[in-house]
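A closer look at the structure
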Amino acid sequence: MQIVAVLLNMALQDKPANHQRVRDLLGTVEIQPGALVIVPEMFETGFSMNLEAVAQSEAREGEALLRELAREHDAAVMGGIASPIEDDSSANECVAFAPDGKQLVRYRKMQPFSVSREGDYFRAGDTHQLFEWQGVKIAPFICYDLRFPEIFRPAVKQGAELITVIACWPAVRSEHWVRLLQARAIENLACVVGVNRCGEEPRLVFDGRTSAFDQQGKQLFQASPEEQVLTAEIDIGELRRWRSKFPALRDIVYC
């Protein structure tokens, strides 16, 4: 299965501009039918606590764009959105859609970023989610979730083979980002794809480093800090052979 990862330089709280950027970037690559296309956390606006600016309206325009792109490219398209405001709060979610418009998954970030008081504005999720695409079982996560390996293991025990992490992860901690993605791949005998943003905001710099690792921790790609689209082929047969050969998941006792 082809993975298409979009490294986006988001215009802060400018939904039309970011929608167009995603369209333009996807137009620069050849996307295979049945691919999985991934765009970052809160791709419409950047990571912000300004709910009036980041939350979708009841029309859910961000999700509509992902559906359109899935149809246009005959691929599954995954991205991060903020749900419509309800009881003065939103939810930081990852959604994916099939080419026929069907929703494949809706995952709510389980670990709000306490440093920015994210939990005061966005309702936290309480469980992982799994979906299947092209015969591959996929578990999506969001940004700060990456620092908590215990929330990944139940998804893998239920069969997750590909783990995705969408993020707005700043440059000051980008080495953590890459090493934790690699660790999640090695310890879970899973392919892991982390799709980050790039660019600058008033107080933050983002250096991208969108990365993918195979089930043994071998890096499949790593992005430079510029806006770009990266692709890789996931060899799910090789992942399954490795899981059959190496007993780490079968030997789990404490979980």
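In the block above lies the structure referred to throughout.
Presented here is an overview of the structure given in this document. Worth saying up front: this structure is predicted, and the values here are computed from it rather than measured.

Further remarks concern the sheet that holds strand E6 (residues 131-133). With respect to topology, six strands assemble into an open sheet ordered E6-E7-E8-E9-E12-E13, the strand pairing being mixed. Lying at the two open borders of the sheet, with one neighbouring strand each, are E6 and strand E13 (219-222). The average undirected angle you get between the axes of adjacent strands in this sheet is 20°. Strand direction decides the pairing type here: strand E8 (residues 162-166) and strand E9 (residues 191-195), joined by five bridges, are parallel.

For the rest of this paragraph, the subject is the nonpolar core. Among the nonpolar cores identified, the biggest contains 58 residues, and Leu 36, Trp 133, Ile 138, Phe 141 and Leu 162 are the most heavily contacted of them. Aside from chain neighbours lying at most four places away, what touches Phe 141 is Tyr 107, Met 110, His 128, Ile 151, Phe 152, Ala 155, Ile 163, Thr 164, Val 165 and Ile 166. By size, the runner-up hydrophobic cluster in this structure holds 31 residues, among which are Leu 8, Val 22, Leu 25 and Leu 69.

The full count for this structure, using the stated rule, is six aromatic pairs. Aromatic pair Trp 242 and Phe 246: ring centres 4.9 Å apart, planes at 5°, arrangement stacked. In textbook terms, an aromatic cluster arises when at least three aromatic residues are bridged by ring pairs, as seen for Tyr 107, Phe 141 and Phe 152. Over the aromatic face of Phe 152 sits the side chain of Arg 184, whose NZ or CZ is 5.9 Å from the ring centroid. When the ring centre of Phe 206 is taken as origin, the NZ or CZ atom of Arg 197, which lies over that ring, is 4.3 Å away.

Looking now at the side chain of Glu 44. Along the chain, the position of Glu 44 falls in the loop between strand E2 (36-38) and helix H2 (51-54). Within the buried core, Glu 44 has no salt-bridge partner, and the shortest N-O distance to an opposite charge, that of Lys 15, equals 4.5 Å. Those residues in contact with Glu 44 that sit more than four places away from it in its chain are Asp 14, Lys 15, Asn 18, His 19, Gln 56, Glu 61, Gly 62 and Ile 81.

Under the defined criterion, the tally for this structure stands at 16 salt bridges. One salt bridge connects Glu 93 with Arg 106, and the closest N-O pair in it is separated by 2.8 Å. Placement of Glu 93 in strand E4 (residues 92-97) and of Arg 106 in strand E5 (residues 103-108) is noted, with a sequence separation of 13 residues between them. Judged by its relative accessible area of 4%, Glu 93 is buried. For Arg 106, a relative accessible area of 24% translates into the label partly exposed. When salt bridges that share partners are traced, they join Arg 60, Glu 63, Glu 93, Arg 106 and Arg 108 into one network.

Rules used in this analysis
Residues numbered from 1 in each chain as written. Predicted model: local features only at pLDDT ≥ 70, side-chain atom pairs only at ≥ 80, totals over all residues. Heavy atoms only, no water. Pairing = 2+ DSSP bridges. Helix = DSSP H or I, 4+ residues; strand = E, 2+ residues; numbered from the N terminus. Axes fitted to C-alpha atoms, helices over the stretch in contact; angles between N-to-C directions. Core = buried A, V, L, I, M, F, W, Y, C linked by side-chain atoms within 4.5 Å. Buried < 20%, exposed > 50% of the residue type's maximum accessible area, 1.4 Å probe, protein only. Contact = heavy atoms within 4.5 Å. Phe/Tyr/Trp six-rings, centres within 6.5 Å; stacked < 30°, edge-to-face > 60°. Lys NZ or Arg CZ within 6 Å of the ring centre and 35° of its normal. Lys, Arg positive; Asp, Glu negative; His and termini not counted. Salt bridge = Lys/Arg side-chain N within 4 Å of Asp/Glu carboxyl O.

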